[in-house]
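Structural description and commentary
So you can see what is in the structure, the chains are spelled out below.
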Amino acid sequence: MASITYDDTTAITEDHQAQKAPDNNGYKLRVGLFAIGLDAYWDQFEGLERRLIDYAGQVAERLGRPGIEVVNLGLIDNPEKAVAAGHEFRRADVDLLFLHVTTYALSSTVLPVVRRVKAPVIVLNLSPGAAIDYASFNAMTDRGSMTGEWLAWCQACPVPEISNVLRRCNIPFFQITGMLDNDPAAWNEIDDWLAAAQVAHRMEHNRLGVMGHYYGGMLDVYSDLTLQCATFGGHVEILEVDELAALREGVSQLEIEDRVAYFSQAFDVQADCSREELERAARTSVALDRLAQKHALGSMAYYYMGSGNAANEDTISSIILGTSLLTARGIPVAGECEVKNAQAMKIMDAFGVGGSFTEYYATDYADDVVLMGHDGPGHLAVAEGKIKVRPLKVYHGKVGRGLSVEMSVKHGPVTLLSVVESGGRLKLLTAEAESVPGPILEIGNTNSRYRFSIGVRRFINAWNAQGPAHHCAVGVGHIAARIEKLGALLGIETVRIC
């Protein structure tokens, strides 16, 4: 899976790096881990308990990574310890719970924990190796020792019992079956769950700014903000265009000149961009940074069709470069007040793969690709080469004129994501594709050529059949499996087209 980091975006300077999106407002992702065994075994089989504790230690060590705090309660081997563990995990405020099955254990050592914690449960059924050494095992002369050796390998034994009890208690759970070592499939899946949990945690603490109003008549774009908070968590901050315009008035000429110089580092500014337009965009860009900092924004959706308010119109018509820089710093910005797509872009960015605003532009049946893109902000970190800045005499369907950005998404694997609202619920819609080289529309917009494994006809029909809005987010790399796990953690439907 391809991924990006902000450090990969050489155009983002240290000053801008320091201003990147707030990281969960100081709240760390906490992952709970407990292993299970049966205390009746310890006196019967010498060394078994120590061996299983070592297994659990290996898992704990491999779960640890930057940004994640592992709360490891070790081996739980009776119902009394299970009750205590449930209280301890709840006090620790864990977001995700890994249940490591080390040998046969009673389901009564599981239920008190998971009932109390009320966090998504991942059952780890991990054997110590690929297979028992049957010859060595059967050569053992003591049958008690043989049984102890077998118990060190019988992780799969209690998983049906655990699954039965969790199902009967209506407690969702997910399974990973494999080996402790030398099993990339199992550990990649664990990595995917951790990545999905980090994104869910990021969304839970995100502050989404909504500025202006919907694009009139785009019925698919209208969204229930309460439903967004109920599904993803987070906070919605309603912003006024007037505030951004007022912040703009406080930007000094020196700040404008510094930002114009910075534009030349971050973008490929075309020769026909006037100094006047660059300074206008620079003033708005500095004001946007202040707005984002003032309200601790992690993402934003905006649109404004003003009439008779010159300051507001001047602000909105010069917003694209500044919103592109915010997007590259982990504060994705969606135009046309597409809140659902601001959420999709934030999810993609939280996964570390970008998240650029896009929609159908045209269908190329000769090359079996869909051209997709959008006007407004582009994501510098996922661009194929440097983003071009071009002047536009008119923004189609929008107020004013000014500077716009033109880019293609990096060639290679990409993933599309749409947050779909239908029937009073949200779902995630995703598809994997390839961004391929070829001609794009040089109209001062972001646009790319995407090829799908099922072909453009089937893709378009299947995607549209799910009822998404006409916008979606695109990121680099194939991460549909992670998006599916995010949906599972959030308890919402996820549909994967290809």
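Residues numbered from 1 in each chain as written. Predicted model: local features only at pLDDT ≥ 70, side-chain atom pairs only at ≥ 80, totals over all residues. Heavy atoms only, no water.

**Overview of the sheet that holds strand E14 (residues 402-406)**
With mixed pairing, the 3 strands of this open sheet are ordered in space as E8-E13-E14. Whereas interior strands pair on both sides, the edge strands pair on one side only; in this sheet they are strand E8 (268-269) and E14. Sheet analysis places strand E13 (residues 388-392) next to E14, joined by 5 bridges and oriented antiparallel. What sits directly across from Val389, in E14, is Val405. On top of the sheet, helix H12 (residues 275-294) reaches E8 and E14; it is set at about 80° to E14, its chief contact. Relative to E14, helix H14 (residues 320-328) is tilted by about 40°, and along the sheet it contacts E13 and E14. (Pairing = 2+ DSSP bridges. Helix = DSSP H or I, 4+ residues; strand = E, 2+ residues; numbered from the N terminus. Contact = heavy atoms within 4.5 Å. Axes fitted to C-alpha atoms, helices over the stretch in contact; angles between N-to-C directions.)

**A word on the packing of aromatic side chains**
Each pair of aromatic rings is reported with the distance of its centres and the angle of its planes. Under the definition given, this model contains 9 aromatic pairs. On the numbers, 4.7 Å between centres and 35° between planes, the contact of Phe174 with Trp193 is tilted. Residue Phe174 is located in strand E5 (residues 173-179), and its partner Trp193 is located in helix H8 (residues 184-204); the two are separated by 19 residues in the primary sequence. Overall, the relative accessible area of 5% leaves Trp193 in the buried class. Aromatic side chains Phe452 and Phe459 sit 3.7 Å apart centroid to centroid with 5° between the ring planes, which places their arrangement in the stacked category. For Phe452, a relative accessible area of 3% corresponds to the buried category. A connected cluster of aromatic rings, assembled from ring pairs, spans Tyr41, Trp42 and Phe45. Here Arg62 stacks its cationic end above the ring of Trp187, 3.9 Å away from the centre of that ring. (Phe/Tyr/Trp six-rings, centres within 6.5 Å; stacked < 30°, edge-to-face > 60°. Buried < 20%, exposed > 50% of the residue type's maximum accessible area, 1.4 Å probe, protein only. Lys NZ or Arg CZ within 6 Å of the ring centre and 35° of its normal.)

**Details of the sheet that holds strand E7 (residues 235-239)**
Taken in spatial order, the 4 strands line up as E7-E6-E9-E10 in an open sheet, and their pairing is parallel. Edge positions in the sheet fall to E7 and strand E10 (333-334), since each of these pairs with one other strand and no more. Where strand E6 (residues 207-212) and strand E9 (residues 299-303) come together, 5 bridges link them in parallel fashion. Across the sheet, the residue bridging to Gly209 is Met300, located in E9. Most of the contacts of helix H15 (residues 339-350) go to E9, to which it runs at about 150°, and overall it touches E6, E9 and E10.

Honestly, that's just the spatial picture; any functional story needs more than this.
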